[in-house]
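Listed here are the chains, written in short residue letters.
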Amino acid sequence: MRMRQLGLGLILVLMAAGPVLGEADDLTPQPRAPVELPPSPRGVQNEGPDRPLTLAEAIRLGLRANLRLKAGAISPVMAANRYRAERAVFDPLLSADLGYDHSEQFANFFGQSVVTNRTTTGSAGISQYLATGGTVSFLYRADRLSSSQQFAVVNPGYTNQVVVEAAQPLLRGAGDVVMANIRLAHNDVVGSRVDQSTLREQTLLEIIVEYWDLSQAQLELNARSKSEETAAELLRDAEARL
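Parameters and conventions
Residues numbered from 1 in each chain as written. Predicted model: local features only at pLDDT ≥ 70, side-chain atom pairs only at ≥ 80, totals over all residues. Heavy atoms only, no water. Helix = DSSP H or I, 4+ residues; strand = E, 2+ residues; numbered from the N terminus. Buried < 20%, exposed > 50% of the residue type's maximum accessible area, 1.4 Å probe, protein only. Contact = heavy atoms within 4.5 Å. Areas by Shrake-Rupley, 256 points an atom, 1.4 Å probe, with all protein chains shown as cover. pLDDT = per-residue confidence, 0-100. Phe/Tyr/Trp six-rings, centres within 6.5 Å; stacked < 30°, edge-to-face > 60°. Core = buried A, V, L, I, M, F, W, Y, C linked by side-chain atoms within 4.5 Å.

Participant: Report on the overall build of the protein, specifying residues and quantitative values.
Facilitator: For the protein, the helix and strand inventory stands at five helices and six strands. Reading the protein from its N terminus to its C terminus gives the helix and strand order α-β-β-α-α-α-β-β-β-β-α. Among the 242 residues that make up the protein, the fraction classed as buried is 20%. Taking all contacts inside the protein whose residues are at least 6 apart in sequence as the whole, residues at least 24 apart take part in 61%. Per element, the accessible surface of the protein, about 18,000 Å² overall, is 59% carbon and sulfur.

Participant: Let's hear about the confidence of the model for the protein: which residues, and what values?
Facilitator: Taken over all residues, the pLDDT of the protein has a mean of 77, while the share at 70 or more is 75%. Averaged over each element, pLDDT in the protein is lowest for helix H1 (residues 2-15) (38) and highest for strand E5 (residues 135-147) (93). A low-confidence stretch, residues 1-48 stays under pLDDT 50, and its non-local contacts, those more than four residues away or across chains, total 53 contacts.

Participant: So what's going on with the packing of aromatic side chains? Which residues, and what values?
Facilitator: Counted by the stated rule, this structure contains two aromatic pairs. Relative to Tyr129, the ring of Phe90 lies with its centre 5.5 Å away and its plane at 25 degrees, an arrangement referred to as stacked. Here Phe90, found in the loop between helix H4 (74-87) and strand E3 (93-109), pairs with Tyr129, found in strand E4 (residues 112-129); they are 39 residues apart in sequence, far enough to count as distant. Taking relative accessible area as the criterion, Phe90 reaches 13% and is therefore assigned buried. On the basis of relative accessible area, Tyr129 is assigned to the partly exposed category, the value being 26%. Between Tyr211 and Trp212, the ring centres sit 5.0 Å apart and the planes meet at 85 degrees, which makes this aromatic pair edge-to-face. For Trp212, a relative accessible area of 30% gives the class partly exposed.

Participant: How would you explain the environment of Lys70 if you had to name every residue and give the values?
Facilitator: Inspection of the secondary structure assignment puts Lys70 in helix H3 (residues 67-72). Exposure remark for Lys70: the relative accessible area of 49% places this residue in the partly exposed category. Spatially, the C-alpha atoms of Lys70 and Gln196 are 9.8 Å apart, while their sequence positions differ by 126 residues.

Participant: How would you sum up the nonpolar core? Please name residues and give values.
Facilitator: Residues Leu53, Ala58, Leu63, Leu69, Leu199, Ile207 and Tyr211 constitute the largest nonpolar core, which totals seven residues. Contributions of two or more residues to this core are made by helix H2 (55-65) and helix H5 (180-241). Ignoring sequence-local partners within four residues, the contact set of Leu199 consists of Arg68 and Leu69.

Next comes the structure, spelled out in structure tokens:
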């Protein structure tokens, strides 16, 4: 009688080892062992049958669906745009101009009462801002002058002009201060990329830790399932002997 009580007590202890969450396949303790997805909670339907989840798939899904990574990816883009905006100050500046003038004036030259003058002007130039704070510019200008005056020696007349200018401030705005904003923007780009890389590594570490925690939980679930099966067999044996 005492043996029966001990046997029944052992069965009750084994049955109370823990609740069984669902059926699970055996998992070997290998580093790359797949993890079975647990059954869906009540009211939630899976899109397909349960299948093993590998570490590579967990990493891929975790990185793709992580909102922190998506938000952090905006910072390097914004920093790169600020850097390009600061560098744009050194882009060459092109300029062009076209003008026309028409004038009439009274005159008394051998029966000619009105003299008409027409002037057409055009210019094109390029200006470059230097890292020293100075500027260098090149300008070409051409004019065409026509007149109805009878005694004009050259009609129409043409003029051409080439102007090269260079300016360098010696005090305010000179020297290395010109590159200060560009260096700050460049440092922001490097810093944002480092922050993004750090965030990605932290997220990757969290995914790996959670994956192996899930694997450990699955192994414990399998052990509890086997304990339940053993307890059920002991119960059947005990009932058979009664």
